[in-house]
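Descriptive analysis of the structure
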Amino acid sequence: MDIEEVARQIVDAAHVAMLIYREDGAPACEAFLKRTGLLTDGTFKACLQALLNAIPRTQVKGQFVRPEAEVLDACAWPSLRI
């Protein structure tokens with residue numbers, strides 16, 4: 001598998017984890033991360049850190065402009081220790 005495919009899969013996994021967190025909550029998200037091995041995956045952790053660094057936390061009237069920022073801030077990914 002080439003690096004571009006790996007990158008796509010890691011970004012897809014991050015999106016899935018964020019969706020699970022938003023739809024089903026932290027316990028379901030952590031279960032997904034454990035089941036898939038992402039909880040301890042260094043590349044996945046680096047991807048999340050990059051998302052945390054890159055996605056603006058801009059708010060308008062108390063609401064995040066980017067919905068991804070809301071999920072990332074809400075969950076803070078404590079199990080990942082990033």
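Residues numbered from 1 in each chain as written. Predicted model: local features only at pLDDT ≥ 70, side-chain atom pairs only at ≥ 80, totals over all residues. Heavy atoms only, no water.

Bringing the confidence of the model for the protein chain into the picture now. Per-chain confidence: the protein chain averages 88 in pLDDT, with 90% of residues scoring 70 or above. Considering each helix and strand of the protein chain separately, the mean pLDDT is smallest for helix H4 (residues 67-75), with a value of 81, and largest for strand S1 (residues 59-60), with 94. (pLDDT = per-residue confidence, 0-100. Helix = DSSP H or I, 4+ residues; strand = E, 2+ residues; numbered from the N terminus.)

Unlike most non-glycine residues, Lys61 shows phi in positive territory, near 55 degrees. Mapping Lys61 onto the fold places it in the loop between S1 and strand S2 (63-64).

Before going further, it helps to spend a moment on the nonpolar core. Judged by nonpolar contacts, the single largest core of 19 residues is most densely connected at Ala14, Ala17, Cys29, Phe32, Leu33, Leu38 and Phe44. Only helix H1 (3-24), helix H2 (26-36), helix H3 (42-54) and H4 provide two or more residues apiece to this core. A total of seven residues in this core trace back to one element, the largest contributor, which is H1. (Core = buried A, V, L, I, M, F, W, Y, C linked by side-chain atoms within 4.5 Å. Buried < 20%, exposed > 50% of the residue type's maximum accessible area, 1.4 Å probe, protein only.)

Moving on, we get to the pattern of salt bridges. Applying the stated criterion across every chain yields a total of four salt bridges. Here Lys34 makes a salt bridge to Glu30, at a shortest N to O gap of 3.5 Å. Of this pair, Lys34 and Glu30 both sit in helix H2, four residues apart, roughly one helical turn. For Glu30, a relative accessible area of 28% translates into the label partly exposed. Note that Arg66 and Glu68 form a salt bridge whose closest N and O atoms lie 3.2 Å from each other. A relative accessible area of 40% places Arg66 in the partly exposed class. (Salt bridge = Lys/Arg side-chain N within 4 Å of Asp/Glu carboxyl O.)

Attention now goes to H2. Among all positions of H2, only Cys29, Phe32 and Leu33 are buried. Viewed end-on, H2 has its buried residues packed into an arc of 95 degrees, placing them on one side of the element. Counted as exposed and oriented over 90 degrees from the buried face of H2: Pro27, Lys34 and Arg35. Residues of H2 that are buried make contact with H1 and H3. Positive phi appears at Gly37, one or two residues downstream of H2, with a value of about 80 degrees. (Arc of directions from axis to C-beta. Contact = heavy atoms within 4.5 Å.)

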